[in-house]
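# Results of the structural survey
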Amino acid sequence: MRVKVRRIGDAMHPSEVVVQVKTIAGNENLVVDKRSIQHDSLAIGAPIARRGENWLVELPRETMQGAWRVWVKRNALTEDAEEARVA
């Protein structure tokens, strides 16, 4: 599964970028490797919990605010092309 992100700038290391994830509480920024971004999305594990249209997901890296898990709307999630082929 993947979560949609928006690139907002370069990070300190040339191989990294700062991306933004839209959560139900506002935007969260995190630094990730450029290679982990595909089609404006970032790979995550399976959602941890669900409350209606909101899903709790664990990010691959800690956000700048210190969060590893964030609540996102269902429409912020996409299937990984590889996962869709296997399913």
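Let us look at the structure shown here. Keep in mind that this is a model prediction, so the values were computed, not measured.

## Focus on the overall build of the chain
Per the secondary structure count, the chain includes one helix and 10 strands. Written out in order from the N terminus, the α and β elements of the chain read β-β-β-β-β-β-β-β-β-β-α. Its C-alpha atoms give the chain a radius of gyration of 13 Å, near enough to 12 Å, the size a compact globule of 87 residues would have. Projected onto its principal axes, the C-alpha positions of the chain cover 35 × 30 × 15 Å. Across the 87 residues in the chain, those meeting the buried criterion constitute 34%. In the chain, once contacts between residues fewer than 6 apart in sequence are set aside, the share between residues at least 24 apart is 40%. Counting only carbon and sulfur atoms, one obtains 50% of the accessible surface of the chain, whose full area is about 5,700 Å². Across the chain, the 14 positively charged side chains and the 12 negatively charged ones have centroids separated by 4 Å.

## Focus: the environment of V17
With respect to the secondary-structure elements, V17 resides in strand 3 (residues 16-23). Linking V17 and E79, residues 62 residues apart in sequence, is a C-alpha distance of 22 Å. In this structure V17 touches R7, G9, D10, A11, L30, V31, V32, K34 and I37, once residues within four positions along its chain are discounted.

## What to know about the nonpolar core
Counting residues in each nonpolar core, the largest one holds 18 residues, and the members touching the most others are V3, V21, L30, I44, L59, V72 and L77. For this core, the elements supplying multiple residues, two or more each, are strand 3, strand 4 (26-33), strand 8 (54-58) and strand 9 (69-73). With three residues, strand 3 is the single largest residue contributor to this core. The residues touching V21, leaving out its near neighbours within four places in the chain, are V3, K4, V5, G26, N27, E28, L30, L59 and V72.

## Points about the packing of aromatic side chains
Evaluation of the coordinates by the stated rule reveals zero aromatic pairs. Positioned over the ring face of W55 is R74, at 5.8 Å from the centre of the ring.

## Thoughts on the environment of N29
If you trace the backbone, N29 turns up in strand 4. Separated by 26 residues in the primary sequence, N29 and V3 have C-alpha atoms spaced 13 Å apart. Excluding anything up to four places from it in sequence, N29 contacts I8, V18, V19, Q20, T63, M64 and Q65. A distance of 3.2 Å separates a polar atom in the side chain of N29 from a polar atom in the side chain of Q20.

How each quantity is defined
Residues numbered from 1 in each chain as written. Predicted model: local features only at pLDDT ≥ 70, side-chain atom pairs only at ≥ 80, totals over all residues. Heavy atoms only, no water. Helix = DSSP H or I, 4+ residues; strand = E, 2+ residues; numbered from the N terminus. Rg over C-alpha atoms; globule rule 2.2 N^0.38 Å. Buried < 20%, exposed > 50% of the residue type's maximum accessible area, 1.4 Å probe, protein only. Contact = heavy atoms within 4.5 Å. Areas by Shrake-Rupley, 256 points an atom, 1.4 Å probe, with all protein chains shown as cover. Lys, Arg positive; Asp, Glu negative; His and termini not counted. Charge placed at Lys NZ, Arg CZ, Asp CG, Glu CD. Core = buried A, V, L, I, M, F, W, Y, C linked by side-chain atoms within 4.5 Å. Phe/Tyr/Trp six-rings, centres within 6.5 Å; stacked < 30°, edge-to-face > 60°. Lys NZ or Arg CZ within 6 Å of the ring centre and 35° of its normal. Polar contact = N/O pair within 3.5 Å; in protein donor to acceptor, adjacent residues only side chain to side chain.

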